[in-house]
Amino acid sequence: MTILKCANINLDLSKTQVMGILNVTPDSFSDGGCLLKDQRLATDVILDKARKMIANGATILDLGGESTRPNAQPVSEAEEMDRVLPALELLKAHTDIVISIDTSNAKLMTEAAKLGAGMLNDVRALEREGALQAAADTGLPVCLMHMQGSPKTMQQDPSYDQVAVQVLRYLQNRAEQCQQLGIDAARIILDPGIGFGKSLAQNLQLLAAIKKFSAAGYPILIGTSRKSMFGQLLQREVSERLAGSLATVAYAVMQGAAIVRVHDVQATVDVVKVIQAIGIPA
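Residues numbered from 1 in each chain as written. Predicted model: local features only at pLDDT ≥ 70, side-chain atom pairs only at ≥ 80, totals over all residues. Heavy atoms only, no water.

Topic: unusual backbone geometry
Note on backbone geometry: most residues besides glycine have negative phi, and most peptide bonds are trans. The cut-off we apply is this: Runs of E in the DSSP output that reach at least two residues are strands. Runs of H or I that reach at least four are helices, and both are numbered from the N terminus.
Even without being glycine, Ala7 reaches a positive phi, approximately 60°. Although it is not a glycine, Leu126 sits at a positive phi angle of roughly 60°. Along the polypeptide, Leu126 turns up in the loop between strand E6 (119–122) and helix H4 (131–138).

Brief notes about the nonpolar core
Spelled out, the test is: Among buried residues, the Ala, Val, Leu, Ile, Met, Phe, Trp, Tyr and Cys ones that are joined through side-chain atoms within 4.5 Å form a nonpolar core. With a 1.4 Å probe rolled over the protein chains alone, any residue whose accessible area is under 20% of its type maximum counts as buried; one over 50% counts as exposed, and the rest are partly exposed.
Counting residues in each nonpolar core, the largest one holds 71 residues, and the members touching the most others are Leu63, Ile101, Leu126 and Leu144. Counting residues in hydrophobic clusters, the runner-up holds 14 residues, among them Cys6, Ile9, Val98 and Ala258.

Comments concerning helix H1 (residues 43–55)
The line we're drawing: Expected span of a helix, by definition, is 1.5 Å for each gap between consecutive residues, and there is one gap fewer than residues. When we speak of the arc, we mean the arc of directions from the helix axis to the C-beta atoms. Note on definitions: a residue-residue contact is assigned when non-hydrogen atoms from the two residues lie within 4.5 Å.
With 13 residues, H1 should reach 18 Å at 1.5 Å per residue; the first-to-last C-alpha distance of 18 Å fits that figure. What H1 keeps buried is the set Ile46, Leu47, Ala50 and Met53. End-on view of H1: buried residues confined to an arc of 135°, all on one side of the axis. Seen from the buried face of H1, the exposed residues on the opposite side, beyond 90 degrees, are Asp44, Lys52 and Ala55. In the core, the buried residues of H1 are packed alongside strand E3 (17–23), strand E4 (60–64), helix H2 (77–94) and helix H10 (265–278).

What about the pattern of salt bridges?
Side chains that differ in charge, positive against negative, can pair when their charged atoms come close. Formally: Salt bridge, as applied in this entry: a Lys or Arg side-chain nitrogen positioned within 4 Å of an Asp or Glu carboxyl oxygen.
Applying the stated criterion to the full structure yields seven salt bridges. Across the salt bridge formed by Arg174 and Glu127, the nearest N and O atoms sit 3.9 Å from each other. You can see Arg174 sitting in helix H5 (residues 163–180) and its partner Glu127 sitting in the loop between E6 and H4, a full 47 residues away along the chain. Overall, Glu127 belongs to the partly exposed group, its relative accessible area being 46%. One network of salt bridges, in which partners are shared, links Asp62, Asp102 and Arg261.

Remarks on H4
Because an α-helix completes one turn every 3.6 residues, residues spaced three or four positions apart along the sequence face the same direction. Looking only at H4, the buried set comprises Ala131, Leu132, Ala134, Ala135 and Ala136. Positive backbone phi, approximately 75°, marks Gly139, located one or two places after H4.

Section: the packing of H2 against helix H3 (residues 106–114)
The condition is simple: What counts as an axis is a line fitted to C-alpha atoms, over the stretch in contact for a helix, and the angles between N-to-C directions run from 0 to 180 degrees. Note on angle classes: values under 35 degrees are labelled roughly parallel, values over 145 roughly antiparallel, values of 65 to 115 roughly perpendicular, and the remainder oblique. With the far helix as reference, a near helix turned anticlockwise by less than a right angle produces a left-handed crossing, and one turned clockwise produces a right-handed crossing. Under the scheme applied, nonpolar residues are Ala, Val, Leu, Ile, Met, Phe, Trp, Tyr, Cys and Pro; charged residues are Asp, Glu, Lys and Arg; polar residues are all the others, including Gly.
Contact geometry of H2 with H3 gives a least axis separation of 10 Å together with a crossing angle of 20°. By the angle between their axes, H2 is roughly parallel relative to H3. The way H2 lies across H3 gives a crossing that is right-handed. Residue-level contacts link Glu77, Glu80, Met81, Val84, Leu85 and Leu88 of H2 to Lys107, Leu108, Glu111 and Ala112 of H3. Classifying every residue of the contact of H2 with H3 gives six nonpolar, no polar and four charged.

Here it is in structure tokens:
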């Protein structure tokens, strides 16, 4: 049994856990977030979304205040904190679930840990100044994701010689640097970053290599929910990508993914339960 200690909650990663996406942004590519036009937190909206995902079986909520969709514009440290910290306080007051903070912001990591966050999820793999040290100081689990370039530029002709080999090597190097700074290997999760600086073909190659990533010795997080790869592959708009998303979830579970990050929690939980009931071939 692989136990991930997320502040005061333990997660059993020997079974795939479902992470629900909860954005407090005005420009997320899929769900639009939980902010009003004047940038105030829509408390009833975020609580309703959170409670629905929890009721549908999510065991982690991933709270983010900066959109990382392709061509997204960066937000200031202060603005991101103003979005996320009130939402975190609200969720901690009204729910009892692991709250992951989707951020690259060192100061936000520190403050979120003080308010009871259970995990840090960084699309930049703690590359920003101060982020690695801040994450280490929190004592929380960290998810390191691979991204080529930045959200603003990442889909401008991404190039690799061997995408799976290069992405895995990068993530292993980041994991080693984390351990050198005191982050225990048992607190590290790796995410190959589907859709973050990858073409359709490269995304498919990464998905096909999930078992190789799992064999590296760290739990693997996979996030494919509603992504543009399904628009390219299936010619589907964002609202029509559930089937494609679920197909990749089923495959990821069968290949050993520890966490799947999704918008559609209920359908995803059903898929995970069925795959696990059938049993995964050795």
